[in-house]
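# Coordinate analysis (summary)
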2 protein chains.
Amino acid sequence: MKQLYAQAPVKTVSAGNGIEYAYRETGEGEVPLVLLMHFRGNLDNWDPALVDALAQDRRIIAFDNTGVGGSSGTTPSTVELMALDAIAFLDALGLARVDILGFSLGSFVAQEIALIRPSLVRRLVLASAAPQGAPGMHGWAKWVIDSVGEPEVIPAKVLDVFYARSTESRSAGEKAFGRMFTRTEFDAPTTWQTRQAQYDAVTAWGIPNTALLERVTTIQAPVFVANGDSDPMILPRYSHLLAGLIPDAEIKIYPDAAHGFLFQHHEEFAADVKDFLDRP
Amino acid sequence: MKQLYAQAPVKTVSAGNGIEYAYRETGEGEVPLVLLMHFRGNLDNWDPALVDALAQDRRIIAFDNTGVGGSSGTTPSTVELMALDAIAFLDALGLARVDILGFSLGSFVAQEIALIRPSLVRRLVLASAAPQGAPGMHGWAKWVIDSVGEPEVIPAKVLDVFYARSTESRSAGEKAFGRMFTRTEFDAPTTWQTRQAQYDAVTAWGIPNTALLERVTTIQAPVFVANGDSDPMILPRYSHLLAGLIPDAEIKIYPDAAHGFLFQHHEEFAADVKDFLDRP
């Protein structure tokens with residue numbers, strides 16, 4: 001019987017940087033797909049339906065980066081440091097070559113990993129992504145950070161950011177939340193320190209600097225850029241910008257969807273990711 | 001009875017820069033749509049089927065820029081000078097506000113017009129377009145410039161660049177060529193001087209410089225970016241890049257089509273342009 005993500009045990013590994021990382025894995029395969037989480041998310045915030053679909057023909061590894069959820073340490077305030085921490089985790093697992101799916105803040109970290117250690121990355125999936133320095137992206141719109149950035153997170157407000165206004169999208173969002181809560185033993189909640197450090201990193205990433213757009217033009221790995229057509233957090237145009245800068249990138253924009261398009265369209269997205277990762 | 005583009009008489013106007021411009025117009029409407037032509041093209045290289053479809057509810061103006069086809073003068077070697085010449089032509093016609101459809105090299109000129117004189121431009125359609133300085137775009141691939149850049153243009157080689165490899169796309173290309181030749185009195189052919197100057201301008205536009213990507217971020221006009229999915233001349237990723245930089249841009253990539261996607265898909269493209277230009 002296959003290991004379901006919602007029932008996967010939490011494992012830990014001690015890395016060379018002194019951090020003890022919490023992670024879960026499911027599925028089997030040669031090159032694992034490593035998941036990099038969004039702002040304030042922990043292991044419980046991956047939609048089990050998506051992870052289980054992805055795990056049908058590959059090994060999936062989800063982890064809490066430094067200072068997040070069940071991992072030790074203090075969350076760093078820059079994307080670069082987060083990338084170095086993620087690399088330390090992968091080194092601790094003895095992984096020399098992985099596919100990476102980075103979601104939102106995780107997509108920033110994924111780009112940075114591909115730039116710092118290109119040999120580590122076989123293929124990249126960048127969901128709700130943007131390149132560093134993209135003009136117009138400096139911090140999130142006030143209503144967006146108000147919805148997801150308060151000390152107490154209110155699910156209805158998170159829905160406003162992660163899902164579109166249509167009944168279909170909202171309903172999909174409620175179902176995704178429901179699936180996340182099928183687990184019985186939850187990860188440690190993310191702290192206010194994590195929230196502050198991560199939003200500093202997100203905001204610094206958006207300081208406009210078109211010269212920095214050149215950075216991702218050296219990414220040689222094939223890249224799949226994906227977003228929802230109504231994402232208010234990372235506007236779809238930054239996904240187009242990113243796909244336009246990376247030499248070997250393809251892009252797909254999912255209809256009637258926002259930041260959480262990959263949970264809303266989990267079947268279609270998992271099939272697209274499989275198609276992309278399996279390409280010769 | 002409506003004026004068909006293939007039968008529209010050539011008019012001339014003397015501009016303040018001393019150039020006598022050849023142009024044709026068809027259709028009626030308050031804000032005209034001005035067409036900016038591709039590399040080595042003259043008035044005959046607009047597909048009449050596309051122009052007639054666009055002219056159903058607006059005034060369309062096509063013209064030869066300085067030194068091209070039936071217009072006097074010498075073709076300048078920079079996009080900036082081409083834009084200033086186009087502005088001189090529009091000033092000579094007394095037009096203070098226009099929509100612009102720029103195709104390929106014409107899309108570069110259109111961007112430059114929008115940057116030099118924003119008040120002139122209501123809405124922009126950028127077909128097979130790329131922003132100045134886009135990394136990876138320095139000159140066209142050898143087989144592409146060999147196909148369209150020889151002294152004697154061979155239609156079959158132009159087809160290779162303007163249309164995709166499928167039977168459908170090639171057939172659409174042959175039909176578009178056929179429609180262009182339904183005219184009885186042709187424009188003056190473009191010269192070798194025009195070819196050299198225009199390719200110098202195209203090549204200079206592609207000198208990689210990510211800092212220059214910032215230029216189009218100040219375009220306030222709504223923009224519709226469009227391309228074929230298999231364009232070998234201006235890769236679709238430069239269209240994504242451009243749409244990602246412009247604050248109010250939308251993008252559409254047409255299937256099974258190359259540089260001449262707007263002629264191949266002339267009905268669909270004309271409908272999309274109408275929808276975009278008519279938006280309140």
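Residues numbered from 1 in each chain as written. Chains lettered and ligands numbered in written order. Predicted model: local features only at pLDDT ≥ 70, side-chain atom pairs only at ≥ 80, totals over all residues. Heavy atoms only, no water.

As annotated in an unreviewed UniProt entry, chain A carries the name Alpha/beta hydrolase and is attributed to Streptomyces venetus.

### Details of the nonpolar core
Phe269(A) and Phe269(B) are the most contacted members of the largest nonpolar core, which totals 188 residues. Apart from the residues lying within four places of it in its own chain, the contact partners of Phe269(B) are Leu50(B), Leu101(B), Val125(B), Phe224(B), Ala226(B), Tyr254(B), Phe261(B) and Leu262(B). (Core = buried A, V, L, I, M, F, W, Y, C linked by side-chain atoms within 4.5 Å. Buried < 20%, exposed > 50% of the residue type's maximum accessible area, 1.4 Å probe, protein only. Contact = heavy atoms within 4.5 Å.)

### Topic: the packing of aromatic side chains
Residue and element names in this part refer to chain B. In this structure the tally under the stated criterion is 36 aromatic pairs over all chains. With a centroid separation of 5.2 Å and 75 degrees between ring planes, the pair formed by Phe-39 and Trp-140 is classed as edge-to-face. Residue Phe-39 is located in the loop between β3 (33–36) and α1 (48–54), and its partner Trp-140 is located in the loop between β6 (121–127) and α4 (142–148); the two are separated by 101 residues in the primary sequence. Summarising the burial analysis for this pair, Phe-39 and Trp-140 share the class buried. (Phe/Tyr/Trp six-rings, centres within 6.5 Å; stacked < 30°, edge-to-face > 60°. Helix = DSSP H or I, 4+ residues; strand = E, 2+ residues; numbered from the N terminus.)

### Considerations on the side chain of Arg24(A)
Residues and elements named next belong to chain A. Residue position: Arg-24 is located in strand β2 (residues 20–26). The buried category is assigned to Arg-24, whose relative accessible area is 1%. Within the structure, Arg-24 has its side chain in polar contact with the side chain of Asp-44 (distance 2.7 Å). In contact with Arg-24, other than residues within four places in its own chain, are Tyr-5, Ala-8, Pro-9, Val-10, Leu-43, Asp-44, Ile-60, Ile-61, Ala-62, Arg-183, Glu-185 and Asp-187. (Polar contact = N/O pair within 3.5 Å; in protein donor to acceptor, adjacent residues only side chain to side chain.)

### Examining the sheet that holds strand β3 (residues 33–36) of chain A
Residue and element names in this part refer to chain A. Reading across the sheet, the eight strands line up as β1-β2-β4-β3-β5-β6-β7-β8 and stay open at both edges, with mixed pairing between neighbours. The sheet is open, and its two borders are formed by β1 (11–14) and β8 (249–254), each paired with just one other strand. The mean inter-strand angle of the sheet, taken between neighbouring strand axes irrespective of direction, is 25 degrees. One ladder, built from three bridges, connects β3 with strand β4 (residues 60–63); its direction is parallel. Bridge pairing links Leu-33 to Ile-60 in β4. Helix α8 (residues 236–245) rests against β6 (121–127), β7 (223–228) and β8 of the sheet, and its axis sits at about 170 degrees to β7. (Pairing = 2+ DSSP bridges. Axes fitted to C-alpha atoms, helices over the stretch in contact; angles between N-to-C directions.)

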